Amino acid sequence: MRFTRLFAPTLREDPAQAEVISHKLLVRAGYIRRVASGIYDILPLGMRVLAKITQIIREEMARAGVQEIQMPIVQPADLWMRSGRWEKYGPELLRFTDRHEQPFCLGPTHEEVVCDLVARELRSYKQLPLALYQIHTKFRDEIRPRFGLMRGREFLMKDAYSFHADEDDLRAFYATMRKAYQRIFTRLGLVFREVEADTGAIGGRASHEFHVLAEAGEDRIAYCRACDYAANVELAEGVRDLPQGEDGPLREVATPGASAAQDVAAFLDVPLARVVKTLAFRLRGGPRDGEIVAACVAGDDELQPVKLARAFGADEAMLASEEEIAAHGGLVGFVGPISWKGLLVLDRRLQGGKGLVVGANRKDAHLVGFNPARDLQDPRFADLREARAGDGCPRCGQGTLAIQRGIEVGHVFELGDVYSRPMEVMFQDREGNRRAAIMGCYGIGVSRLLAAIVEQHHDEHGIAWPAHLAPFAMEIITVGKDGAQKEAARIYEELLAAGVEVLWDDRDERPGVKFKDMELIGIPVQLVVGERGLARGVVELGLRGETREEVPLGEAVVRAKALVEAHCRPPA
Ligand code: ATP
Ligand code: MG
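Model, not experiment: these values are computed from the prediction.

(A) Local environment of the pairing of strand β1 (residues 32–36). Here 4 bridges tie β1 to strand β2 (residues 39–42), and the two strands are oriented antiparallel to one another. In the sheet register, Ile 32 faces β2, and the bridge partner there is Ile 42. Connecting β1 to the antiparallel partner β2 that follows it, the hairpin turn spans 2 residues, and Gly 38 within it adopts a positive phi of roughly 75°.

(B) Summary view of the sheet that holds strand β13 (residues 251–254). Across the sheet, 3 strands lie side by side as β13-β19-β18; this open sheet has antiparallel pairing. Two strands in the sheet have a free side with no partner beyond their single neighbour: β13 and β18 (356–359). Mean inter-strand twist for the sheet, computed between neighbouring axes without regard to direction, equals 35°. The sheet contact formed by β18 and strand β19 (residues 365–370) spans 3 bridges and is antiparallel. Bridge pairing in β19 places Leu 356 opposite Phe 370.

(C) Summary view of the nonpolar core. Membership of the largest hydrophobic core comes to 66 residues, with the highest contact counts inside it found for Tyr 31, Ile 53, Phe 185 and Trp 465. With 8 residues, the single largest contributor to this core is helix α6 (residues 167–187). Among all residues touching Tyr 31, those that are not within four sequence positions of it are Leu 26, Asp 41, Ile 42, Leu 43, Leu 45, Gly 46, Val 49, Ile 463, Trp 465, Pro 471 and Ile 521. Listed in part, the 27 residues of the second largest apolar core include Val 113, Phe 413, Leu 415 and Tyr 419.

(D) How the structure looks around the packing of aromatic side chains. For the structure shown, the criterion picks out 11 aromatic pairs. Measuring from centroid to centroid gives 5.8 Å for Phe 173 and Tyr 442, while their planes differ by 80°, and the two rings are edge-to-face. Taken together, the residues Phe 173 in helix α6 and Tyr 442 in strand β24 (residues 438–445) connect sequence positions 269 residues apart. Each ring, one from Tyr 181 and one from Phe 210, has its centre 5.3 Å from the other, and the planes form 50°; the classification is tilted. Placement of the pair is Tyr 181 in helix α6 and Phe 210 in strand β10 (residues 207–213), with a sequence separation of 29 residues. Note on Phe 210: relative accessible area 0%, which makes it buried. Put simply, the rings of Tyr 181, Phe 185, Phe 192 and Phe 210 touch in pairs and so form one group of aromatic residues. One cation-aromatic arrangement involves Arg 48 over Phe 472; the distance from NZ or CZ to the ring centre is 3.9 Å.

(E) Just helix α5 (residues 111–121), in detail. For α5, the buried fraction is high: 8 of the 11 residues fall into the buried class. Where α5 is concerned, the buried positions are Glu 111, Glu 112, Val 113, Val 114, Cys 115, Asp 116, Val 118 and Ala 119.

(F) Here's a closer look at the pattern of salt bridges. Taken as a whole and assessed by the stated rule, the structure comprises 55 salt bridges. For Arg 178, the salt bridge is made with Glu 194, and the minimal N-O distance between the two is 2.4 Å. Of the two residues, Arg 178 is situated in helix α6 and Glu 194 in strand β9 (residues 192–196); the sequence distance between them amounts to 16 residues. Taking the shortest distance from any N to any O, the salt bridge between Arg 548 and Glu 540 comes out at 3.0 Å. Look at Arg 548 and you get partly exposed, because its relative accessible area is 28%. The partly exposed category is assigned to Glu 540, whose relative accessible area is 29%. Here the salt bridges do not stand alone but share partners, grouping Arg 240, Asp 300, Asp 301, Arg 349, Arg 385, Arg 388 and Asp 391 into one network.

(G) Representation of the site of ligand 1 in the model. Near ligand 1 there are 14 residues, and of these Arg 140, Glu 142, Arg 151, Gly 152 and Glu 408 occur at the shortest range. Between ligand 1 and the protein, one listed contact pairs a nitrogen atom with a backbone N or O atom of Gly 152 at 2.8 Å. Gly 445 is positioned such that a nitrogen or oxygen atom in its backbone is 3.3 Å from an oxygen atom of ligand 1. Burial of ligand 1 by the protein chains amounts to 85% of its free accessible area of 580 Å². Elements represented by at least two residues in the shell around ligand 1 include exactly β8 (154–164) and β21 (401–416).

(H) Examining helix α1 (residues 21–28) more closely. Among the 8 residues of α1, 6 are classified as buried, and the element is accordingly described as predominantly covered. If you check which residues of α1 are buried, you get Ser 22, His 23, Leu 25, Leu 26, Val 27 and Arg 28. Where α1 is buried, its residues meet β1, β2, α11 (446–456), β25 (458–459), β26 (462–463) and α13 (511–521). Once α1 finishes, Gly 30 follows within two positions and takes phi at roughly 80°, a positive value.

(I) Representation of the sheet that holds strand β16 (residues 316–319) in the model. Taken together, 5 strands build an open sheet; the order of strands is β16-β14-β15-β17-β20 and the sheet is mixed. Strand pairing shows two members of the sheet lacking a second neighbour, β16 and β20 (381–382), which therefore form its edges. Judged from the 6 bridges that link them, strand β14 (residues 277–284) and strand β15 (residues 292–297) form a sheet pairing that is antiparallel. The residue of β15 that forms the bridge with Lys 277 is Val 297.

(J) Fine view of the packing of helix α2 (residues 44–63) against α6. Two numbers describe how α2 lies on α6: the axes approach to 10 Å, and their chain directions differ by 155°. As judged from the angle between their axes, α2 and α6 are roughly antiparallel. Considering the relative orientation of α2 and α6, their crossing is right-handed. Touching Ile 56, Ile 57, Glu 59, Glu 60, Met 61 and Arg 63 of α2 are Met 177, Ala 180, Tyr 181, Arg 183, Ile 184 and Arg 187, all from α6. Residues that form the contact of α2 with α6 fall into these classes: 7 nonpolar, no polar and 5 charged.

Basis of the calculations
Residues numbered from 1 in each chain as written. Chains lettered and ligands numbered in written order. Predicted model: local features only at pLDDT ≥ 70, side-chain atom pairs only at ≥ 80, totals over all residues. Heavy atoms only, no water. Pairing = 2+ DSSP bridges. Helix = DSSP H or I, 4+ residues; strand = E, 2+ residues; numbered from the N terminus. Axes fitted to C-alpha atoms, helices over the stretch in contact; angles between N-to-C directions. Core = buried A, V, L, I, M, F, W, Y, C linked by side-chain atoms within 4.5 Å. Buried < 20%, exposed > 50% of the residue type's maximum accessible area, 1.4 Å probe, protein only. Contact = heavy atoms within 4.5 Å. Phe/Tyr/Trp six-rings, centres within 6.5 Å; stacked < 30°, edge-to-face > 60°. Lys NZ or Arg CZ within 6 Å of the ring centre and 35° of its normal. Salt bridge = Lys/Arg side-chain N within 4 Å of Asp/Glu carboxyl O. Near = heavy atom within 4 Å. Polar contact = N/O pair within 3.5 Å; in protein donor to acceptor, adjacent residues only side chain to side chain. Areas by Shrake-Rupley, 256 points an atom, 1.4 Å probe, with all protein chains shown as cover. Parallel < 35°, antiparallel > 145°, perpendicular 65-115°, else oblique. Left-handed = near helix turned anticlockwise from the far one by under 90°. Nonpolar A, V, L, I, M, F, W, Y, C, P; charged D, E, K, R; others polar.

Purely geometric stuff here, so don't read any function into it on its own.
Encoded structure:
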C-alpha cells in the first residue's frame, strides 16, 4: 500500500475527551473516528488489525469445534417476550417499532435468536452437542459510553452458544472453551488473568471472565499471591479478622458532628473496624424488587453492591434516597440496624462481633456495645464486603490477596436451561424423554480487544503492536527526492511481489513527519531508503524501537523479507 493512497488521517494532538491512552492513540494514528457517543467508524488501519484478531479467534473456534454463522442485529420483540427479557432488560436494550408498528430491538446479545434458530431444527440427542458463533455488531445503550472502543454503545463481539444433551457434556465443553480463550488471548500477545465471575443478569451457574491487566481497566480483580484463586472483586471473598471489643451493654452516646466512620472512631477512640457502617439500598429485579435494604459492613471495609444484589437475588442494588431511608426509620448519616424497619443484612465479618458501634438513627447519636447475635432477632449475614489487598485467601488459607485492574475482554457462562426452557429448545433424549437442551455462552469483546491490546502495547511515540497484529508488517520511508524515490519504488514492488505486507510512505513530506507517523501507527519493521545512504550503496533496516543497521542495497529485499518473517510470524 502506498501511503498517498491510504486513508489514515493522523493527528498531532490528542482528541478532546480522550481519557485513556488507547483512545488517544487509535484516534491520533488514524484507526478510528467518533460518529456519536459510543459509536465509531473503523478506518482501514483498524480493519486490518481487526482482521488479524478475528483470524486468530476463528482458528481457535474451529479448533474447538464451533461453527460460524451470522444472526441479525435487528431482533423481533416477541423472541424477547418469550424469554421474559423484554420486561427484565433495562434501558440498555434499544427498542423501536417498524412501519407496521411491530416492536423490535437492537441485539445486545443473541441468546433469544440462537435459541429460536436451534429450537426449530433440534429433534434428537443425536444432533447434540452443537456449538455456533458469530462475529458481529452488538448494540447496548450504555449509560456511560467512554474510553473509545473500550465501552462503546455499538461494538463488535464474538458470541458463541453451545447446546448439550446433559450437564456433563456442557461442563466438558465449557472447559474446552476456557482453553480456547486462553489460547486466543495468549496468541494476541496479552498479559491476562482468568477470574471467577458474577453471572449477572444473564443468569446461570459457573462463569469466568478474562481480563487484560491494565491501569485503564474498569474492573478490579482480586487474586491470591500463593494459589490460583482469582475473582472479580464483585464476588471475591477475602478473609479478615474483626478486632474484638468488650461485650458491654448497648447504650446511646452523643457523637456531635461525627457521622463518617473515621470521625466516629476518632471521637470514641475505638478501632475503625469496630464502627459499623450501615448503608441503605433499593433492590431492582428479583423477588424483592423495589424493596429497601439496610446493609452493615465494618468501618474499614467497603460494601460491594453486586454482592448485596446477589444476596437477595436482585439484578442491581442502588443507593436509597433520603426519603426512602426516613420511611424505614433511618436518618442519613446515622443509619443503624437497631431501630431500622425493613430488610437488614450484615456482612459476615461482623458475625460474632462484640462491642461494636452503630448509628442510632438519630442526629448526632451512635450506639456502643452492639452485639448482633444478642441485639438483633435472627440477624441475617452474607458476604457483602469488598475484598481488599492483604485479605486472607478464601481458597488456600495461606496466601494474601492482591488487587489489580483489568479490562474484561472475554466472559464465559454455564447457562444450563435458563434460556432453552422458556424458548423451548427441546430434544428427545436416549430414553425417549423430551428435555430442554443444556446451554453455555461465550463472549469476546472484539473491538474492545483492539483498545486493550494498545493499552498493553504502546510507548511515548505511539502504538507498539505485537508484530503479527500490526496493520502492515513493514514500512518503507524515503528520505530525499527522485533517486531515493525511484529505488524505494523498486524495493516496494519487489516486496509486494514477494507477499510482504508493506506500506510505502511515498508522500512528499518532511522525513520527520514520515518517521513520526510510522512510530505513531506502530509499524514493526522499518526500511529507510535515503539519498545519502544510496550514494554509498546502502539502506537502513531495523525494528521499531531499535537502532536500524545498514544493509547493502542489493540485499535490501531479501533481508527485509527475512526480518518480517522472523519477527511478524503469528504464534501458532
Ligand atoms: P461489562 O461488565 O464490561 O459491561 P458485560 O459483562 O456486560 O461487560 P458481556 O455480556 O459479558 O459483557 O459481553 C461479552 C463481552 O463483550 C465482554 O466480556 C466485553 O469484552 C464485551 N463488551 C461488553 N460490553 C461492551 C461495550 N459496551 N463495549 C465494548 N465491548 C463490550
Ligand atoms: Mg461480562
